[in-house]
Amino acid sequence: MIGQIVNCPKCNSMLMVTAPEPIYVEAPGSQPVDSMAMTKEGIAPEPAPDLEGAEPQQDSQHDSASPDGVHPLAREEEAAAEEASAGDAPPVTRPSGQTAIADWSSDDAPLLPSEQWTSASTARTRQYLLVGFLGVSGIALATVAFFAFLRWYPQSSPGPAIAMPSPEADEPPDPASPPGETIGEVVSDRSTDSPSTDPQAGGDDEPRLDALPPETEAGDGLDSTPTSPVPPDPEETESGSNADVGELPEALVQDDVETASVDEAGPPQQNLPKALEAFGPMLNWKVQLTLPDEGVELSAPPLTAEELGLDTGQGQTVAIQPVDLTAHSQTELPGLIIGENQPLSQVINLWTSISGVPSVVDLDSLAAANIDRDQSAAVGKVQRATIAEVASLLGQSFGAEVVPRENRFLVFRAAATEMKRQLPDRVSLTGLVDDAAGEQWLTETLRRLFPQHADGWTIADGKITYDEKQVDLMTWFFVIRLLENWRSVQGLPTSLDGYDPARVVTDFPNPAELAALDHELTEPTVMSRPVGQVLSRVCEEAGIHCWIDWPHVADVGLGPSTTELVVTNARPLRRVLANYAQRFSLVVAMIDDHSLWLTTPQAYRAQPQLYVLPSEGLTPEQWQQKLRPFTPAGPDGIGTIDVIPTPDTKFLFVRCCRPVVNF
């Protein structure tokens, strides 16, 4: 193979076989050793001679070694073998790994390839195949064994009949039914001494307990006479004897009757395998599942700031920079005309957009002064006037005064003198509280709802009054409105003379009943316009007053001059409000059935209201869970909903936030 290109047995690469260079080793005191010299181990054995006389071909090496073609080493081995067979000399031992041709046979172990001729990837593949084959075989064997067990189990030998529960267990047996059709079978606790209960064992001639003679039925030791049949003795059944029960020994009959401990309405029988026969008495129990009449109500998960919208990181809008009201109020307007027949809510939004000053109306103060918030307001024609002068004229048009707050926004509210003139000094409690216990309950309730004015109330002669030094006019108005709401839900007339009930009574509105939200708008929007003006126009078209909390919506990027393009034509008002609420992270709350309030989540949670609701048979805890979405914010974070039942538990005093419109 010298000079040829062959494949490497390990890496299967192409290699050229070259002639090895001889290595000479010089041992001390001897001649040099040639590594290429011919040795005995390197001489190939001579092939076996042809049996038919054909002489094998001899190579030049063998011819040079012996004239007759036989190698001298072969002669020595043959001579040693002959001497060993004759017994004259011991057998010649050869070095390990050398086997003569004459000594080899087919029974010897096969020659395995060395590591140089074995591939690691091939061995790994064989191992994977072996493991996979064993796994598949194991699964197949387990499947076969499982199905074999299923085929064997129903065919196992039956054990004693065990009573199991049945739907008819509590029904009494039918007296008119024949003895063999009794609902419950008598089951003995003994498996060897007691008779068999198999219905097929006795047939029609099976002895019955009702066939006992009178003296046996009323014998000693029998407290009651069971109506269940007594099965025959297994020995007599096997021998084919049909002896009458009266012929049996009295002790045997009495023993069998006492052993029958299962009641008449016994469950049906079931056969058990031999392995479970010993557990038969323990399995003879009736199990009746019972469910409670009322399920356990799980407590609601705690409220989070994200759920109430109190996290300051919500929304990606930038807050509007506040105006310097002191300097900006002196800005001169060249001219202004606000015509008549415009709702007050629309006029305030228009004034905010024109002046650039956030302005709001204190609706509670207007109600305390008996001023209608749904009225129209008009300024007329104004020329060359400052913002402060025009704002004062606007407030006078609907009976309010202008109060600057925090040097950044204006508040239109009723004058304190007007509220003092309209509000009564005391309110009658007739029809609400009629005894001392009721008066004590009302005092404690007011202390809980108004903790800052706990000692400012006095109840005497069926009337309630307030201390002007401890209670301000607005708090006194809130108490009056709470009592008027209580009268309203009971169907009683108002106790305030000259007040419009709609301005005092505050109902709890339901957003689902506000049909105006589904009104299809016709107002077109072809370009970006101020948000306040657009909301006022679309809400007016649907018959709703839109009040915008301008001082707080500035925190979410909605200012007097903020413009936004939202399609309004041929769309319901609900979808338009949803677009603005999603754009600026607003809350759309309901004031009543025709007024909406747009503000931020933080401002919404900070202004809870007082309502009086019918209990409808629910507990205060259930009402707290029902009103959970309207939870207000407390001083330190999340507050609580106050629910206080009245003495007759028919109504509830509730303090929570206003209902909101869900989109």
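Just above sits the structure.
To start, this report covers the structure provided alongside it.

Calculation criteria
- Residues numbered from 1 in each chain as written.
- Predicted model: local features only at pLDDT ≥ 70, side-chain atom pairs only at ≥ 80, totals over all residues.
- Heavy atoms only, no water.
- Pairing = 2+ DSSP bridges.
- Helix = DSSP H or I, 4+ residues; strand = E, 2+ residues; numbered from the N terminus.
- Axes fitted to C-alpha atoms, helices over the stretch in contact; angles between N-to-C directions.
- Contact = heavy atoms within 4.5 Å.
- Buried < 20%, exposed > 50% of the residue type's maximum accessible area, 1.4 Å probe, protein only.
- Expected span 1.5 Å × (residues − 1).
- Patch = residues over 30% accessible without salt bridge, like charges linked within 9 Å, V, L, I, M, F, W, Y side chains within 5 Å.
- Areas by Shrake-Rupley, 256 points an atom, 1.4 Å probe, with all protein chains shown as cover.
- Salt bridge = Lys/Arg side-chain N within 4 Å of Asp/Glu carboxyl O.
- Core = buried A, V, L, I, M, F, W, Y, C linked by side-chain atoms within 4.5 Å.
- Phe/Tyr/Trp six-rings, centres within 6.5 Å; stacked < 30°, edge-to-face > 60°.

The strand order across the open sheet built from three strands is β8-β11-β10, with neighbouring strands paired in mixed fashion. The open sheet has two free edges, formed respectively by β8 (359-361) and β10 (401-405), since each of these has just one partner strand. Across the sheet, the mean angle separating the axes of adjacent strands is 25° when strand polarity is ignored. In the sheet, β10 pairs with strand β11 (residues 409-413) via five bridges, with the strands oriented antiparallel. Considered in β11, the bridge of E401 is made with R413. Contacts from helix α11 (residues 344-355) reach β8 and β11, with the element oriented near 165° to β8.

Turning our eyes to something else, we now look at unusual backbone geometry. Positioned with a positive phi, N12 is a non-glycine residue whose angle comes to about 60°. By the element assignment, N12 lies in the loop between β1 (5-7) and β2 (14-16). For N12, a relative accessible area of 55% gives the class exposed. Of note in the backbone geometry, T649 takes a positive phi value of approximately 60° without being a glycine. Mapped onto the fold, T649 is located in the loop between β23 (642-645) and β24 (651-656).

The next point concerns helix α18 (residues 531-541). Of all the residues in α18, the buried ones are V531, G532, V534, L535, S536, V538 and C539. In the segment just after α18, G543 is the residue with positive phi, at about 85°.

Here helix α20 (residues 573-584) spans 17 Å end to end across 12 residues, near enough to the 16 Å set by a 1.5 Å rise per residue. Listed as buried for α20 are L573, V576, L577, A578, Y580, A581 and F584. In the core, the buried residues of α20 are packed alongside α18, β17 (563-564), β18 (587-592) and β19 (595-599). Among the residues trailing α20, S585 stands out with phi positive, at a value near 55°.

Turning our eyes to something else, we now look at a nonpolar patch on the surface. Residues F146, F147, F149, L150, W152, Y153, L276, F279, M282 and L283 make up a contiguous nonpolar surface patch of roughly 1000 Å² in combined accessible area. A per-element tally of the nonpolar patch places helix α3 (residues 120-152) first, with five residues. By the secondary structure assignment, Y153 is in the loop between α3 and β5 (162-163). A relative accessible area of 39% places Y153 in the partly exposed class.

This part is about the sheet that holds strand β16 (residues 545-548). Strand order in this open sheet of three strands is β16-β19-β18, and the pairing throughout is mixed. Each of the sheet's edge strands pairs with one partner strand only, and the pair in question is β16 and β18. When strand polarity is set aside, the average angle formed by the axes of neighbouring strands in this sheet is 25°.

If you look at the biggest cluster of nonpolar residues, it comprises 80 residues, and the most contacted ones within it are W351, F412, I464, W476, L483 and W486. Among the elements that take part in this core, helix α16 (residues 473-490) stands out by supplying nine residues, more than any other. Other than its neighbours up to four places away in sequence, L483 contacts V427, L429, L432, L442 and I464. Core analysis: the second largest hydrophobic core is formed by 30 residues, L514, V534, L573 and Y580 among them.

Now for the packing of aromatic side chains. Per the stated rule, a full pass over the model turns up 12 aromatic pairs. Seen in terms of ring centroids, W441 and F653 are 5.5 Å apart; in terms of plane orientation they differ by 55°. Their pairing is tilted. Pair noted here: W441 is in helix α15 (residues 436-449) and F653 is in strand β24, with a separation of 212 residues, a long-range link. Taken individually, W441 and F653 each receive the classification buried, so the pair is uniform in this respect. Ring pairing ties together the aromatic residues F450, W457, Y466 and W476, which thus form one cluster.

Here we come to the pattern of salt bridges. A side chain of one charge can pair with a side chain of the opposite charge if their charged atoms are brought near each other. For the coordinates displayed, the defined rule picks out 17 salt bridges. Here D642 and R448 are joined by a salt bridge, their closest N and O atoms 4.0 Å apart. Residue D642 is located in strand β23, and its partner R448 is located in helix α15; the two are separated by 194 residues in the primary sequence. Exposure remark for R448: the relative accessible area of 44% places this residue in the partly exposed category. Measuring nitrogen to oxygen at the nearest pair gives 3.7 Å for the salt bridge that ties R583 to E564. One end of the pair, R583, is in helix α20; the other, E564, is in strand β17, with 19 residues separating them in the sequence. Here the salt bridges share partners, and the residues they tie into one network are K420, D425 and E468.

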